[in-house]
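Listed below, chain by chain, are the residues.
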2 protein chains.
Amino acid sequence: MSVTAAQGFTAAGIAAGIKENGKPDLALVVNEGPRRAAAGVFTSNRVKAAPVLWSEQVLKGGEVSAVVLNSGGANACTGPKGFQDTHATAEKVAEVLEGHSAGEIAVASTGLIGVLLPMDKLLPGVEKAAAELSPHGGEKAAIAIKTTDTVHKTAVVTRDGWTVGGMAKGAGMLAPGLATMLVVLTTDADVDAAGLDKALRDATRVTFDRVDSDGCMSTNDTVLLLASGASGATPDHGEFADAVRAVCDDLARKLIGDAEGASKDIRIEVVNAASEDDAVEVGRSIARNNLLKCAIHGEDPNWGRVLSAIGTTGAAFEPDRLNVAINGVWVCRNGSVGEDRELVDMRYREVRITADLAAGSESAVIWANDLTADYVHENSAYSS
Amino acid sequence: MSVTAAQGFTAAGIAAGIKENGKPDLALVVNEGPRRAAAGVFTSNRVKAAPVLWSEQVLKGGEVSAVVLNSGGANACTGPKGFQDTHATAEKVAEVLEGHSAGEIAVASTGLIGVLLPMDKLLPGVEKAAAELSPHGGEKAAIAIKTTDTVHKTAVVTRDGWTVGGMAKGAGMLAPGLATMLVVLTTDADVDAAGLDKALRDATRVTFDRVDSDGCMSTNDTVLLLASGASGATPDHGEFADAVRAVCDDLARKLIGDAEGASKDIRIEVVNAASEDDAVEVGRSIARNNLLKCAIHGEDPNWGRVLSAIGTTGAAFEPDRLNVAINGVWVCRNGSVGEDRELVDMRYREVRITADLAAGSESAVIWANDLTADYVHENSAYSS
């Protein structure tokens, strides 16, 4: 499973002592080849963590031999010293793996912003992780990148002779994201860097980019896709892209399902929009409405707050033609009262909101979470 | 005080039975003249409540004889029947006041969206309110427009022979707003509709429009300014505009100070921006960051979340030149760790965040609230 489901990869997850509680906090994923093609998508936040600035440069070469990831510290807003630490981490990985240069090593970090990493623990941790690298190390790697995650998240899709697998931590989206989202995907299909890049961008656009747990964008979000070519199979692009999207979709759902303090997963489908952009804009506006998110938490089918959220967008629609369904009950018809709201059953974790803009034929799905007292508690005590 | 501080106005606030708990829910404010000039600013939400659609039309005439306001129901998303109800309310006010037409009567409503008003209670309530009109009725009117407000809000500024006063309910901003913000301002200065309009727009732009309690925009937000000319004084425009801004500023601060479930008032000042628009964009992004709002609630000077929020904007800045102070302590210098965060004292209700973009000389102040478990509780049970 995880990043070692595909052939040609080894991984490890260990406790380096970066986290004060002694839990696993360092993961290493190595592409053993024969191919070492890679693609990456990063946060669109303009304040980027040192490892993001580093890895963006590494990915420009289209080749990655290994990824080192740490939890317990984001290494964001840490100035020139933070960047030097990321560089030193990549150098250390290149050294212990032998035969590689730091320029092929991607780095990802997650944790509190504005704190330097304890390099006296991290660098020995790299040695320890390298010693434990294994073709069965995927689960341990997935565990080591957890921060506030309650479970580790992995996904695998196997097709005709080749596999795409991966691991994720956090809950959120590339732009924006709740806490940091780190994702490493691996495949043994024989695909070049350009093919990986296209498949990854197309997949993230409709999966991680449409998960909007709390409207906040991280400085560290990173999604990497590495190909070893070890299966010898060369799928056609459509087939490959489909598998990548399926793995991303699975991981994205798992991120939403484990969002900090959430009690509901909200599937917002915007239909009959004039354009896909309109559908996404409306979906995001609904997803980020704190009043609605509170109402959903209270199992209150408060469709007025959905209309309020739609009304703040620039999408094409007429207010008196809007329709809204909650869990299949059309509680709002033509911008006014529709079916009896008492018919809406909201006892289950998944809540489905359908917003019909009656303005075209495009649609989009955005996933969000409710807003809960637990979210407040978890995030008011995070760094204290 | 309130809307009857200025000469030439009478007001009343009564319990019409619209609210099931029997509390005051209907207010009437009457301009007794001699002048009846008026200006209004309304929600920019495209889904507008019936009273907003009505009052926008009334204000086009530049003349308002009376304003009738109800709490206990927003009359939003109520279709053609809702608009008919607003019209009937204005007709009723015109009838009981005698000598006026419905086209001079502004209507404002606040409460739950998607529910028709109980007209069998509201219309007799108008008669009852008219019977109680008094030059000392301002406080009662302010009390009758409360929904989740814990206190009623009024403000008065008196200058050389003339006065501007007003009342407000809700907490939020014209675009967007938490719950509905209703504001009625009155003056006995002799100012025409054009002068009122300019003073009101200039004032709301830097007061109510910069209050961002929870990032949500109401369907009902309404700010009205009525002039009776009863003082006979004709202040110059700058002097008048200054007084209107002072009253708006006072009311805006009171709205933030009484926001639903809030435990902190957050003053966000963005300085050294390339433009005022940049400063406002950055201030709003900080104001709406749920993770930061939780951190402030936890008295955690988590400046990393401030930088994260700045990074999502399109404003001109370089990440490594950003500086952030919390309560006067520059915890972030040049995009990295600054003074010791332990020096920040966050025990008091007001929290000051200063974001220095180091990109110009413009600035703006945005007021926000923290995000608390009480906010979640209050808004998850609102309509149930």
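Keep in mind that what you see is a predicted model, and the values were worked out from it rather than measured.

1. Observations regarding the packing of helix H10 (residues 373-380) of chain A against helix H10 (residues 373-380) of chain B
For the pair H10(A) and H10(B), interaxial distance at closest approach is 8 Å and the crossing angle is 170°. As summarised for this structure, H10(A) and H10(B) are arranged roughly antiparallel, according to the angle between their axes. Between H10(A) and H10(B) lies a crossing of right-handed hand. Taken together, the residues of H10(B) that come into contact with H10(A) (itself represented by A:Ala373, A:Val376 and A:His377) are B:Ala373, B:Val376 and B:His377.

2. Some points on the UniProt feature "binding site: substrate" (unreviewed entry) in chain A
UniProt records the feature "binding site: substrate" (unreviewed entry) at A:Thr147, A:Lys169, A:Thr180, A:Glu260, A:Asn379 and A:Ser384, using the numbering of this structure. Inspection of the secondary structure puts A:Glu260 in the loop between helix H6 (237-257) and strand S10 (265-273). Looking at the secondary structure, you find A:Asn379 in helix H10. Assessed through its relative accessible area of 2%, A:Asn379 is described here as buried. Not counting chain neighbours up to four residues away, the residues in contact with A:Asn379 comprise A:Glu260, B:Leu291, B:Cys294, B:Ala295 and B:Arg305.

3. Concerning the pattern of salt bridges
Residues and elements named next belong to chain B. Summed over the entire model, instances satisfying the criterion amount to 44 salt bridges over all chains. For Lys 198, the salt bridge goes to Asp 202, with nearest N and O atoms at 2.9 Å. Here the residue Lys 198 and the residue Asp 202 both occupy positions in helix H5 (residues 193-206), the gap between them amounting to four residues, near one helical turn. Exposure remark for Lys 198: the relative accessible area of 45% places this residue in the partly exposed category. Using a relative accessible area of 35% as the deciding quantity, one classes Asp 202 as partly exposed. Where Glu 299 meets Lys 264, a salt bridge forms, and the shortest distance between an N and an O atom there is 2.7 Å.

4. Observations concerning the interface of chain A and chain B
The partner chain B presents 53 residues to the 53 residues of chain A that form the contact. Summing the contributions of chain A and of chain B, the shared interface buries around 3,900 Å²; its carbon and sulfur component is 57%. Interface area lost by chain A to chain B is led by A:Arg46, A:Asn290 and A:Leu291, which between them contribute 16%. Run the count over chain A and chain B and you get zero salt bridges. If you look at where chain A meets chain B, you find 17 residue pairs in polar contact (both at pLDDT 80 or more). Elements with a contribution of two residues or more to the side of chain A that touches chain B: strand S8 (177-187), helix H8 (290-297), helix H9 (303-311), strand S13 (336-337) and H10 of chain A.

5. Brief notes about the UniProt feature "active site" (unreviewed entry) in chain A
Those places that UniProt annotates as "active site" (unreviewed entry) correspond, in this numbering, to A:Thr180. Structurally, the position occupied by A:Thr180 is in strand S8.

6. What to know about the packing of helix H1 (residues 50-60) of chain B against helix H2 (residues 79-97) of chain B
All names here are of chain B. Contact geometry for H1 and H2: axes closest at 8 Å, N-to-C directions at 50°. On the basis of their axis angle, the class for H1 and H2 is oblique. Our pair here, H1 against H2, has a crossing hand that is right-handed. Residues Ala 50, Pro 51, Leu 53 and Trp 54 of H1 touch H2, and the partners they reach there are Gly 82, Phe 83, Thr 86, His 87 and Ala 90. Looking at the contact of H1 with H2 residue by residue, the classes come out as six nonpolar, three polar and no charged.

7. Quick look at the sheet that holds strand S1 (residues 9-14) of chain B
Each strand in a sheet pairs with its neighbour through backbone hydrogen bonds, running either in the same direction (parallel) or in the opposite one (antiparallel). All names here are of chain B. One open sheet holds the four strands; their spatial order is S1-S2-S4-S5, and the pairing between them is mixed. Sheet topology places S1 and strand S5 (105-109) at the edges, where each strand pairs with a single neighbour. Going across the sheet, the axis of each strand differs from the next one's by a mean of 10°, ignoring polarity. Where strand S4 (residues 66-70) lies against S5, five bridges are found, and the strand directions are parallel. When the sheet's bridge partners are listed, Val 67 is paired in S5 with Ala 106. Where helix H3 (residues 119-131) meets the sheet, its contacts fall on S1, strand S2 (26-31) and S4, and the angle it forms with S2 comes to roughly 50°.

8. Observations concerning the relation of the copies chain A and chain B
Expressed as a screw operation, the relation of chain A to chain B combines 0.0 Å of axial shift with a rotation of 180°, fitting to an RMSD of 0.0 Å. Both chain copies can therefore be described as sitting about a two-fold axis. In terms of proximity to the rotation axis, the leading residue of chain A is A:Ala373, whose C-alpha is 2.2 Å off the axis. Taken as a fraction of all interface residues of chain A, those also at the interface in chain B reach 100%, which identifies the copy contact as same-surface.

9. Quick notes on the packing of aromatic side chains
Inspection of every chain in the model, using the stated rule, returns four aromatic pairs over all chains. Note on A:Trp162 and A:Phe240: the rings are 5.9 Å apart at their centroids and 50° apart in plane angle, and the pair reads as tilted. A residue pair is termed long-range when its members are at least 10 positions apart, and A:Trp162 in the loop between strand S6 (153-158) and strand S7 (163-172) and A:Phe240 in helix H6 qualify at 78 residues. Each member of the pair, A:Trp162 as well as A:Phe240, is classed as buried. One Lys or Arg, A:Arg46, reaches over the ring of B:Phe317 and ends 3.9 Å from the middle of that ring.

10. Concerning the sheet that holds strand S14 (residues 350-356) of chain A
Residues and elements named next belong to chain A. One open sheet holds the six strands; their spatial order is S13-S12-S11-S14-S10-S15, and the pairing between them is mixed. The open sheet has two free edges, formed respectively by S13 and strand S15 (362-369), since each of these has just one partner strand. Here strand S12 (residues 329-333) runs beside S13; their pairing, made up of two bridges, is antiparallel. When the sheet's bridge partners are listed, Arg 333 is paired in S13 with Ser 336. Along the sheet face, H9 touches strand S11 (323-326), S12, S13 and S14 and points at about 135° away from the line of S11.

11. Things to note about H6(A)
Helix length check: H6(A), at 21 residues, gives a terminal C-alpha distance of 30 Å against a target of 30 Å (1.5 Å per residue), a fit within 8%. Among the residues making up H6(A), those that are buried are A:Phe240, A:Ala241, A:Ala243, A:Val244, A:Val247, A:Cys248, A:Leu251, A:Ala252, A:Leu255 and A:Ile256.

12. Overview of the side chain of A:Ser228
Residues and elements named next belong to chain A. Tracing the sequence through the fold places Ser 228 in the loop between strand S9 (222-227) and H6. A distance of 2.7 Å separates a polar atom in the side chain of Ser 228 from the backbone oxygen of Gln 7. Residues in contact with Ser 228, not counting those within four places in the same chain, are Gln 7, Gly 8, Phe 9, Asn 31, Gly 33, Pro 34, Arg 35, Thr 187, Asp 188 and Ala 189.

13. Notes on the environment of B:Leu224
All names here are of chain B. Along the polypeptide, Leu 224 turns up in strand S9 (residues 222-227). A relative accessible area of 2% means that Leu 224 is categorised as buried. Excluding its chain neighbours within four sequence positions, the residues that come into contact with Leu 224 are Ala 39, Gly 40, Phe 42, Leu 59, Val 67, Ala 106, Val 183, Val 184 and Leu 185.

14. Let's talk about the domain arrangement of chain A
Note: interface size is frequently given as the accessible area lost on complex formation between the parts. Residues and elements named next belong to chain A. In terms of domain boundaries, chain A breaks down into domain 1 (2-257) and domain 2 (265-380). Computed from C-alpha coordinates alone, the two centres of domain 1 and domain 2 are separated by 33 Å. Taken together, the 16 residues of domain 1 in the interface contact 17 residues of domain 2. Together, the buried faces of domain 1 and domain 2 total about 1,300 Å²; carbon and sulfur atoms form 40% of this surface. Counting across the interface, domain 1 meets domain 2 through five salt bridges. One salt bridge connects Arg 253 with Glu 350, and the closest N-O pair in it is separated by 3.7 Å. Our count for the domain 1 to domain 2 interface comes out at eight residue pairs in polar contact (both at pLDDT 80 or more). It is H6 that provides the largest number of residues to the side of domain 1 that touches domain 2, a total of three residues.

Definitions and limits used
- Residues numbered from 1 in each chain as written.
- Chains lettered and ligands numbered in written order.
- Predicted model: local features only at pLDDT ≥ 70, side-chain atom pairs only at ≥ 80, totals over all residues.
- Heavy atoms only, no water.
- Axes fitted to C-alpha atoms, helices over the stretch in contact; angles between N-to-C directions.
- Helix = DSSP H or I, 4+ residues; strand = E, 2+ residues; numbered from the N terminus.
- Parallel < 35°, antiparallel > 145°, perpendicular 65-115°, else oblique.
- Left-handed = near helix turned anticlockwise from the far one by under 90°.
- Contact = heavy atoms within 4.5 Å.
- UniProt positions renumbered as here; feature names shortened; annotations may be inferred.
- Buried < 20%, exposed > 50% of the residue type's maximum accessible area, 1.4 Å probe, protein only.
- Salt bridge = Lys/Arg side-chain N within 4 Å of Asp/Glu carboxyl O.
- Buried area = accessible area lost by both parts, 1.4 Å probe.
- Polar contact = N/O pair within 3.5 Å; in protein donor to acceptor, adjacent residues only side chain to side chain.
- Nonpolar A, V, L, I, M, F, W, Y, C, P; charged D, E, K, R; others polar.
- Pairing = 2+ DSSP bridges.
- Least-squares fit on C-alpha atoms with pLDDT ≥ 70 in both.
- Phe/Tyr/Trp six-rings, centres within 6.5 Å; stacked < 30°, edge-to-face > 60°.
- Lys NZ or Arg CZ within 6 Å of the ring centre and 35° of its normal.
- Expected span 1.5 Å × (residues − 1).
- Domains from an automatic or database assignment.

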